[in-house]
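# Geometric and topological summary
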Amino acid sequence: MPREKINLNIDVSTTVVQAREVKLPFLKCEAFVDVMQKGEDDSQELEPVRGWIEVEVRDSKGEVVQSGKHRMHSLLNNFLRVLDGEARATGGVALSTYGTITSATVTGLDGLSKTIAIEWYSSRYSGGGTTIATNAGDNDASYGIIVGSGTDPVDLNNYKLSSPIPHGTGAGQLDYDAMSVVDLGLDTSVSPPVYRIRLIRGFKNLSGGDVTINEVGLVVCNFWEDFDANGNPYINYDVKFLVARDVLPQSYVVPSGGSATVAITVEVVMG
Amino acid sequence: MKAEVIVELNGKEIYRGKSDSFVVNLAKALYIALYSSRAGANTWTTVTTPTGGSAYVYGLNGPAPGQYQYAGGVWLAMNAPDNDDSYGIWVGSGSAAVSPRDYNLASKIPHGTGAGQLDYEPHTITSSYSGTSSYVEIARSFVNKSGGDVIVREVGLLARNYWKYSGAVTNDAKFLIARDVLPNPILVPNLASLTVRYRISLSL
């Protein structure tokens, strides 16, 4: 397929977007232009896995007072370290094998190096686990989508938000709702086709004052547990770690009594 | 995130290009992993195996009391050992265009030393991390011991979702997660070694 070299300078409503030089097959340039015309803040070429962050803020009456959609730029080294571990894992061990067969090292939310299990088998009775869970329940801000007020630039070694907004009803806090993870499936109406996975979380402001969101992160949970003969649980791994962090190009102010909904749409781009 | 396919013949790079051919199986496996919760119920989805059949992929499996010793597993293993052409990196001779729902290579070149076969070597995994640029690379070499030329036109990557306990294997799904058709066929002469690398990278 021939390569086209174009320069774009598009006036999108009130915002002038200056695109850099683009070196992409022509069809992909068309897709890129489409993105720009939507007024979104993208300026990167298409990637095989990409994401969008949408934020919608409502006031105490439920009226939308602020919304935006932004390109998700920043998967972190912790995410790559999971893939690193999976690439090293073999599976297919003997039925009598137990213990941690393959692990990976990530940086936990406390900044300390943590070992996570990639391939693991119980030494007791029953057991199992999950590698990168995000589906946190109501009031559980320990994993899933998290928000913060910080604006420190992203570094691939980031392991926490620069200023996380905790769950709660006190000053500077937001009430974290349950996560929702939705399989939107394959969309062949766009070129190239994309498969979308949508992660959504609501945040209620019960603090009595405004709360400002400047950054969004995604924390996953690596959890492996087994049980003894009496059914008592033993947690072998319970590590939460940040795999994505983005500083939003604008602040979102959640008014007292209002709420914010943050959605991360992961797109796996097909061919 | 970016993905590249790199191909070397006898240690010399002869192709490097963007891999933009992840398939639906990968997206479904990613979804079910993210959909899981800490200490929650089992989660699973279905993928299509290279035979065209359906198989389960678990994002979370097992942590409930019971008499199942040595239970556990792995979500997305890729490191197939030497001579194992059931998962990991594959090569093929087909040139059919990539489709999102691809579940097999168009024409897989099997492991072996017979005509039209290649000897599948073990994988090597390398990685590098910094604050601005990082990558993970999985590579596999294929040695031609067939006595004749072998032509490679496509490459693929297959993962394995494996769960067991002391009494049985409860899940062992091997499924295609990426397929790329090379822009030009590569002729692998007898006794030559072809190396295929999938590189996943992050940068700011």
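These figures come from a predicted structure and were not determined experimentally.

Calculation criteria
The numbers attached to residues start from 1 for each chain and follow its sequence in the written order. To label them, take the chains in the order written and letter them from A, then take the ligands in the order written and number them from 1. With the structure being a predicted model, the display of local features is reserved for residues of pLDDT at least 70 and the display and counting of side-chain atom pairs for 80 or more, all residues being used for whole-chain, interface and lining totals. Helix and strand assignments follow DSSP, with helices taken as H or I runs no shorter than four residues and strands as E runs no shorter than two, numbered in order from the N terminus. Exposure in this text rests on C-beta crowding, where 20 or more other C-beta atoms within 10 Å of a residue's own make it buried, 12 or fewer make it exposed, and counts in between make it partly exposed. The C-beta atoms are placed from the backbone. Here contacts are defined at the residue level, using C-beta atoms placed from the backbone and a cut-off of 7 Å between them. Only C-alpha atoms enter the radius of gyration, while the globule expectation follows 2.2 Å times N to the 0.38, with N the number of residues. Think of a nonpolar core as buried Ala, Val, Leu, Ile, Met, Phe, Trp, Tyr and Cys residues chained together by C-beta atoms that fall within 7 Å. Only Asp, Glu, Lys and Arg are considered charged, only Ala, Val, Leu, Ile, Met, Phe, Trp, Tyr, Cys and Pro nonpolar, and every remaining residue, Gly among them, polar. Paired strands are those between which DSSP finds at least two bridges. Under the convention used throughout, the expected extent of a helix is 1.5 Å for every residue step, that is, one less than its residue count. Axis geometry follows a simple rule: fit a line to the C-alpha atoms, using only the stretch in contact for helices, then measure angles between N-to-C directions, giving values from 0 to 180 degrees. Within a predicted model, pLDDT stands for the predictor's per-residue confidence, ranging from 0 to 100.

## What about the overall build of chain A?
The helix and strand inventory of chain A stands at 2 helices and 16 strands. Out of the 271 residues in chain A, the part that is buried amounts to 44%. Considering only contacts in chain A between residues 6 or more positions apart, those separated by 24 or more positions represent 68%.

## Examining the overall build of chain B
Across its full length, chain B holds 1 helix and 11 strands. Relative to the 2.2 N^0.38 estimate, which gives 17 Å for 204 residues, the radius of gyration of chain B is 18 Å and therefore close to what a compact globule would have. A burial count over chain B gives 49% of its 204 residues as buried. Summarising the internal contacts of chain B: among those between residues at least 6 apart in sequence, 66% fall at separations of at least 24.

## Quick word on the nonpolar core
Counting residues in each nonpolar core, the largest one holds 129 residues, and the members touching the most others are Val268(A) and Ile177(B). Residues within four places of Ile177(B) in sequence aside, it is in contact with Phe22(B), Val23(B), Asn25(B), Leu26(B), Leu157(B), Leu158(B) and Ala159(B).

## Some points on unusual backbone geometry
Between Ser191(A) and the following residue, Pro192(A), the backbone shows a cis peptide bond with an omega angle of -5°. Phi is positive for Asn10(B), which is not a glycine, with a value near 50°. Its location among the elements puts Asn10(B) in the loop between strand E1 (2-9) and strand E2 (12-18). Within the chain, Leu191(B) stands out as a residue other than glycine whose phi angle is a positive 75°. The residue Leu191(B) is located in the loop between strand E10 (169-188) and strand E11 (193-203) in this model.

## Notes on the interface of chain B and chain A
Each side of the interface is counted separately: chain B has 63 residues, and chain A has 59 residues. Counting only elements with at least two residues in the side of chain B that touches chain A, the list comes to E1, helix H1 (24-35), strand E4 (54-61), strand E5 (72-77), strand E7 (119-128), strand E8 (133-143), strand E9 (150-164) and E11 of chain B. Here the element with the most residues in the side of chain B that touches chain A is H1(B); it accounts for 8 residues. Here the residues of the side of chain B that touches chain A sort into 36 nonpolar, 22 polar and 5 charged. In the sheet, strand E8 (residues 113-121) of chain A pairs with E5(B) via 3 bridges, with the strands oriented antiparallel. In the strand pairing of E5(B), Glu119(A) is matched with Val74(B).

## Thoughts on H1(B)
For H1(B), built from 12 residues, the straight-helix expectation of 16 Å at 1.5 Å per residue is met to within 8% by its first-to-last C-alpha distance of 16 Å. Counting buried positions along H1(B) yields 12 of 12 residues, so the element is predominantly enclosed.

## A word on the pairing of E5(B)
Residues and elements named next belong to chain B. Of all 6 residues making up E5, 6 are buried, and the element is well covered by its neighbours. For E5 and E9, the ladder comprises 4 bridges, and the chain directions are antiparallel. Counted as the bridge partner of Ala77 is Arg160 from E9.

## Examining the sheet that holds E2(B)
Reading across from one edge, E2-E1-E11-E8-E7 (chain B) is the order of the 5 strands in this open sheet, with antiparallel pairing throughout. Both edges of this open sheet fall to E2 and E7 of chain B, since each of them pairs with a single strand only. The sheet shows a mean angle of 15° between the axes of neighbouring strands, direction not considered. Bridge count between E1(B) and E2(B): 6 bridges; the pairing is antiparallel. Bridged to Leu9(B) within E2(B) is Lys12(B). Those strands touched by helix H2 (residues 77-88) of chain A are E7, E8 and E11 of chain B, and its axis lies near 20° from that of E8(B).

## Observations concerning the environment of Leu30(B)
The topology assignment puts Leu30(B) in helix H1. In this structure Leu30(B) comes out as buried when scored by C-beta crowding, with 24 C-beta atoms within 10 Å. Those residues in contact with Leu30(B), other than ones at most four positions away along the chain, are Ile197(A) and Val268(A).

## So, H2(A)
Helix length check: H2(A), at 12 residues, gives a terminal C-alpha distance of 16 Å against a target of 16 Å (1.5 Å per residue), a fit within 8%. The buried fraction of H2(A) is high, at 12 of 12 residues.

## What about the confidence of the model for chain B?
Here chain B shows a mean pLDDT of 96. Residues at 70 or above account for 98%. Per the prediction output, this complex has pTM 0.90; the corresponding ipTM is 0.97.

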